[in-house]
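# Remarks on the overall topology
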2 protein chains.
Amino acid sequence: MLQHIDHVGIACRSLDVAIERYGALFGVTVTSLEVNEAQGVREAMLALTPGQAAPLATYIQLLEPLADDTPVGKFLAKRGEGIHHIGYAVANVTEALATIGETGRVRLIDSKPRHGSMGASIAFLHPGDLGGVLTELVEPKAE
Amino acid sequence: MLQHIDHVGIACRSLDVAIERYGALFGVTVTSLEVNEAQGVREAMLALTPGQAAPLATYIQLLEPLADDTPVGKFLAKRGEGIHHIGYAVANVTEALATIGETGRVRLIDSKPRHGSMGASIAFLHPGDLGGVLTELVEPKAE
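As the structure is a computational prediction, the values presented were derived from the model and not from experiment.

### Some remarks on the overall build of chain A
For chain A, the count of helices and strands is 3 helices and 8 strands. When the helices and strands of chain A are read in sequence order from the N terminus, they spell out β-α-β-β-β-α-β-α-β-β-β. Whereas a compact globule of 143 residues would reach a radius of gyration of roughly 15 Å, chain A reaches 15 Å, a difference of no more than 12%. The buried share of chain A, taken over its 143 residues, is 52%. Of the accessible surface of chain A, which amounts to about 6,400 Å², a share of 51% is contributed by carbon and sulfur atoms. With 11 positive and 17 negative side-chain charges, chain A shows a separation of 7 Å between the mean positions of the two kinds.

Quick look at the structure:
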């Protein structure tokens, strides 16, 4: 069901500072910059450079909260800057949600897919049922 | 320099519980089970199933501390279960360390590569200089 790690979501206080850091240290640059009002974040996707052996784009997702009372704002207040969640690519997020939901073992934060970065359909699973890991399913936008 | 996300490292109190959970929810199974005395962990690598569009194995790495006074043991005591670090694939970890070290912007936890999972050469970068993200460089074992 999980095809590969699509992205790591990193909470930061300043998107500009974080973008500059990843560029200076690792040479990665911004592929997409978006504001997602529904999720309360300004976010940047930084595509890594796939090697020949693995022609796959995976992403560093930098997340700056739009306000203190957003999920990422609360995360920063409680935990400080750091890794916020992990996103796995799936072929079909609706089917994946149904299969996972049928197990009855994890609360679905999103019972239906919603809009994610770069046109993806996404859904989050509750970290309280996943060993503290906020887990995102990502169906990338069809080419 | 960073080619793709190689793995997400997840700290857990019980490797057996975590392995069972990832199998039941997502159908992922153990590819490699190792004890790394130097790092103070018992660990499992769970390979995701690459889709046709992306023929690349990425991994969930589950980490159980061998003792309370190990890095992962201390992490669990302070933060609880959850995402511990993120690992990026690089073509040559020695060269990547040199390039990153020359920036003078991040402390190298490992100034020389050491042994990682499944025969990889790895090195960690200090989270204090990386927005709270413990970052691992991974040069996978040559085929």
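### Here we look at helix 1 (residues 15–26) of chain A
Residues and elements named next belong to chain A. Here helix 1 is 12 residues long and its end C-alpha atoms lie 16 Å apart, about the 16 Å a rise of 1.5 Å per residue gives. Three or more residues of helix 1 are buried, namely Leu15, Ala18, Arg21, Tyr22, Leu25 and Phe26. The arc that holds the buried residues of helix 1, viewed along the axis, is 125 degrees, so those residues lie on one side. The positive-phi residue at the C-terminal boundary of helix 1 is Gly27, with phi of around 70 degrees.

### Some thoughts on the environment of Leu33(B)
All names here are of chain B. Tracing the sequence through the fold places Leu33 in strand 2 (residues 30–36). Accessibility expressed as a relative area gives 52% for Leu33, which makes it exposed. Distance from Leu33 to Ala44, taken between C-alpha atoms, is 4.5 Å for residues 11 residues apart in sequence. Setting aside residues up to four positions removed in sequence, Leu33 forms contacts with Leu15, Ile19, Glu43 and Ala44.

### Side note on the side chain of Thr135(A)
Mapped onto the elements of the fold, Thr135(A) is located in strand 8 (residues 135–139). A polar contact of 3.0 Å, which involves the side chain of Thr135(A), links it to the backbone oxygen of Val133(A). Each residue touching Thr135(A), except ones within four places of it in the same chain, is listed here: Ile86(A), Tyr88(A), Ala123(A), Phe124(A), Leu125(A), Leu130(A) and Phe26(B).

### Here we look at the relation of the copies chain A and chain B
Here the second copy of the chain follows from the first by a rotation about an axis and a shift along it. Of the transformation superimposing chain A on chain B, the axial component is 0.0 Å and the angular component is 180 degrees, with the fit at an RMSD of 0.0 Å. In symmetry terms, the pair is related by a two-fold rotation axis. The residues that chain A uses at the interface reappear at the interface of chain B in 100% of cases, marking a shared surface.

### Some thoughts on the sheet that holds strand 2 (residues 30–36) of chain A
Residue and element names in this part refer to chain A. The 8 strands are arranged 2-3-4-1-5-8-7-6 in an open sheet whose pairing can be described as mixed. Unpaired on one side and paired on the other, strand 2 and strand 6 (114–115) mark the two borders of the sheet. Two elements, strand 2 and strand 3 (residues 41–47), share 6 bridges in a ladder whose sense is antiparallel. Within the sheet, the bridge partner assigned to Val35 lies in strand 3 and is Arg42. Against the sheet, helix 1 touches strand 1 (4–11), strand 2, strand 3 and strand 4 (59–65), its axis set at about 160 degrees to strand 4.

Calculation criteria
Residues numbered from 1 in each chain as written. Chains lettered and ligands numbered in written order. Predicted model: local features only at pLDDT ≥ 70, side-chain atom pairs only at ≥ 80, totals over all residues. Heavy atoms only, no water. Helix = DSSP H or I, 4+ residues; strand = E, 2+ residues; numbered from the N terminus. Rg over C-alpha atoms; globule rule 2.2 N^0.38 Å. Buried < 20%, exposed > 50% of the residue type's maximum accessible area, 1.4 Å probe, protein only. Areas by Shrake-Rupley, 256 points an atom, 1.4 Å probe, with all protein chains shown as cover. Lys, Arg positive; Asp, Glu negative; His and termini not counted. Charge placed at Lys NZ, Arg CZ, Asp CG, Glu CD. Expected span 1.5 Å × (residues − 1). Arc of directions from axis to C-beta. Contact = heavy atoms within 4.5 Å. Polar contact = N/O pair within 3.5 Å; in protein donor to acceptor, adjacent residues only side chain to side chain. Least-squares fit on C-alpha atoms with pLDDT ≥ 70 in both. Pairing = 2+ DSSP bridges. Axes fitted to C-alpha atoms, helices over the stretch in contact; angles between N-to-C directions.

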